[in-house]
Amino acid sequence: MKIKKIVTAVTCVAFASLLLTGCGKKEEVKEETVFAVQAVKAVSGNMDDYLEFGGDVASVNEVNVMPDVAGKIVRINVSVGQTVEKNQILAYVDASRPGYDYSESPVKAPIAGRITAISPSIGTQVSQATPVAKISNTEELEIKVNVAERFVSRIKLNQNAVLTFDAYPGEQFEAHVSEVSPILDTTTRTMQIKIRITQRDNKIKVGMYARVKLITDTYESVVIVPSAAVVKRNEKTIAFVVASEKTEESAATVKLVSVTVGHVVDDKSEITAGIEAGDTVVTKGQTSLSDGDKVNIFMNE
């Protein structure tokens, strides 16, 4: 009887031990780190390098109209903003003096254009050096720009330019270099150029301040990525390219690639090696990335 009880006790202890061991054993689950990143597609296109200037819009042809004789303004036939033809009479001057009587002298427009200013009023005494009115040809407008000597080699006739105005945010207007001075100002060490507005637009007024982007070089059919996609690591220039797209079973992965950067304009970089047009490149969140890491991608436009 005693032997039987001992065997039964040992059996129960062994079973309990096995049961506890089985309940305590858990399958280990390895957690994968998935990084959230922003990305964009590399594109093939043209990239323009430019110089940036500013200047006031002026009429190509603008003249002050002077009277032929000194005297008193007795009539004004035009108003500001009015369009006039060449030789049209703008005003009359009476040159009469006490004891003398003269016929009224007409003040004629020397060119066709638009009246942009009328200086005197009726009854004002004027001389042959007093401007009576200002006529501008508002159909042809230009901006005069002084270019620093270090940029002179990048300027040539007929270069394209893009104009923007604070009055019209987001809008651009085409222009081109119409004249390049053959000399430099020795005081300011600058060369004057004239930029003609290519397509006349009534939105643009004489006297407006224009921001000028003068296109100096165009790099054609190059691979372009945001400069934020290119980083320096261990003295190497690298980028992260999406190697595999996201599936139902797995997140997308990235690979580290060495890249060669060509020209850089604003926030865009030309890539001459390492990335091809159509590749998805990481632009934000790559600080902690390594080759082969899994990522959750948010695409930028």
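A word on the overall build of the protein chain
Step number 1: Regarding its fold elements, the protein chain presents one helix and 22 strands.
Step number 2: Looking at the protein chain as a whole, 32% of its 301 residues qualify as buried.
Step number 3: For the protein chain, the proportion of contacts with a sequence separation of at least 24, taken over those separated by at least 6, is 69%.
Step number 4: Total accessible area on the protein chain is roughly 18900 Å²; 50% of this is exposed by carbon and sulfur atoms.

Regarding the pattern of salt bridges
Step number 1: What the rule picks out here adds up to seven salt bridges.
Step number 2: Among the ionic pairs, Glu-104 bridges to Arg-75, the shortest N-O distance being 2.7 Å. With a gap of 29 residues between them, Glu-104 in the loop between strand 6 (89–94) and strand 7 (105–108) and Arg-75 in strand 4 (residues 71–76) connect regions that are remote in the sequence.
Step number 3: Look at Glu-104 and you get partly exposed, because its relative accessible area is 35%.
Step number 4: Looking at Arg-75, the relative accessible area reads 40%, which means it is partly exposed.
Step number 5: The partner of Glu-171 in a salt bridge is Lys-203, and the shortest N-O contact between them spans 2.8 Å.

Quick notes on the sheet that holds strand 7
Step number 1: As summarised here, the arrangement of the four strands in space is 7-6-4-9, forming an open sheet in which the pairing is antiparallel. Strands at the two margins of the open sheet, each flanked by one partner only, are strand 7 and strand 9 (125–126).
Step number 2: As judged from the four bridges shared by strand 4 and strand 6, these two strands associate in the antiparallel manner. Bridging from a neighbouring strand, Ile-76 pairs with Ala-91 of strand 6.

Points about unusual backbone geometry
Step number 1: Unusually for a residue other than glycine, Asn-158 sits at a positive phi of about 70°.
Step number 2: For Asn-158, the location among the structural elements is in the loop between strand 11 (141–148) and strand 12 (160–164).

Here we look at the sheet that holds strand 5 (residues 83–84)
Picture the strands of a sheet paired through backbone hydrogen bonds; they go either parallel or antiparallel.
Step number 1: The strand order 3-10-8-5 describes an open sheet built from four strands, whose pairing is antiparallel. Edge strands, defined here as strands with exactly one partner in the open sheet, are strand 3 (62–65) and strand 5.
Step number 2: Note that strand 8 (residues 113–118) and strand 10 (residues 133–136) share four bridges and pair antiparallel. What sits directly across from Ile-115, in strand 10, is Ile-135.

Concerning the side chain of Asp-293
Step number 1: Secondary-structure assignment places Asp-293 in the loop between strand 21 (280–284) and strand 22 (294–299).
Step number 2: Here Asp-293 is buried and forms no salt bridge, its nearest opposite-charge partner Arg-233 lying at an N-O distance of 7.4 Å.
Step number 3: Within the structure, Asp-293 has its side chain in polar contact with the backbone nitrogen of Ser-290 (distance 2.7 Å).

Description of the nonpolar core
Step number 1: Within the largest apolar cluster, 24 residues are counted, with the highest numbers of intra-cluster contacts made by Val-57, Leu-163, Phe-165, Ile-193 and Ile-195.
Step number 2: Listed by contribution, the elements that provide at least two residues to this core are strand 2 (43–59), strand 11, strand 12, strand 13 (173–180), strand 14 (190–197) and strand 15 (209–226).
Step number 3: Non-local contacts of Ile-195, meaning those with residues more than four positions away in its chain, are made with Leu-141, Glu-142, Ile-143, Val-145, Ala-161, Ala-175, His-176, Val-177, Ser-178 and Val-212.
Step number 4: Counting 14 residues, the second largest nonpolar core, distinct from the first, contains Ile-73, Val-84, Val-107 and Ile-115.

A word on the environment of Arg-200
Step number 1: Among the secondary structure elements, Arg-200 is positioned in the loop between strand 14 and strand 15.
Step number 2: The partly exposed category is assigned to Arg-200, whose relative accessible area is 27%.
Step number 3: Residues Arg-200 and Ala-175, spaced 25 residues apart in sequence, show a C-alpha to C-alpha distance of 9.7 Å.
Step number 4: With residues up to four places along the chain from it excluded, the contact list for Arg-200 reads Thr-138, Glu-139 and Leu-141.
Step number 5: Looking at Arg-200, its side chain comes within polar contact range of the main-chain oxygen of Thr-138, at 2.5 Å.
Step number 6: Here the side chain of Arg-200 touches Ile-204 through a polar contact of 3.2 Å, landing on its backbone oxygen.

A short note on the pairing of strand 18 (residues 252–258)
Step number 1: One ladder, built from six bridges, connects strand 17 (residues 236–244) with strand 18; its direction is antiparallel. Directly across from Ile-238, in strand 18, lies its bridge partner Ser-258.
Step number 2: Where strand 18 lies against strand 22, two bridges are found, and the strand directions are antiparallel. Among the inter-strand pairings, Ala-252 is bridged to a residue of strand 22, identified as Val-295.

So, how was this worked out
Within each chain, residues carry numbers counting from 1 in the order of the written sequence. Local features in a predicted model are, by the rule used here, given only for residues with pLDDT of at least 70; side-chain atom pairs are given and counted only at 80 or more, and totals for whole chains, interfaces and linings are based on all residues. Values shown for side chains rest on all heavy atoms present in the structure; no hydrogens or waters enter the calculation. Secondary structure elements follow DSSP: runs of H or I of four or more residues count as helices, runs of E of two or more count as strands, with numbering from the N terminus. When a residue's accessible area, from a 1.4 Å probe over protein chains only, is under 20% of the maximum for its type it is buried; when over 50% it is exposed; and in between it is partly exposed. Note on contacts: a residue pair is in contact if any heavy atoms of the two residues lie within 4.5 Å. Every accessible area reported is derived by Shrake-Rupley at a probe size of 1.4 Å, with residue values counting cover from the shown protein chains alone. What makes a salt bridge here is a side-chain nitrogen of Lys or Arg within 4 Å of a carboxyl oxygen of Asp or Glu, nothing more. When DSSP finds two or more bridges between two strands, those strands count as paired. Asp and Glu are treated as the negative residues and Lys and Arg as the positive ones, with His and the ends of the chain left uncounted. Within 3.5 Å is the distance limit for a polar contact, defined as a pair of N or O atoms, with the added protein rule that one can donate a hydrogen and the other accept it, and that residues adjacent in sequence qualify only through two side-chain atoms. What makes a nonpolar core is a set of buried Ala, Val, Leu, Ile, Met, Phe, Trp, Tyr and Cys residues whose side-chain atoms join them at distances within 4.5 Å.

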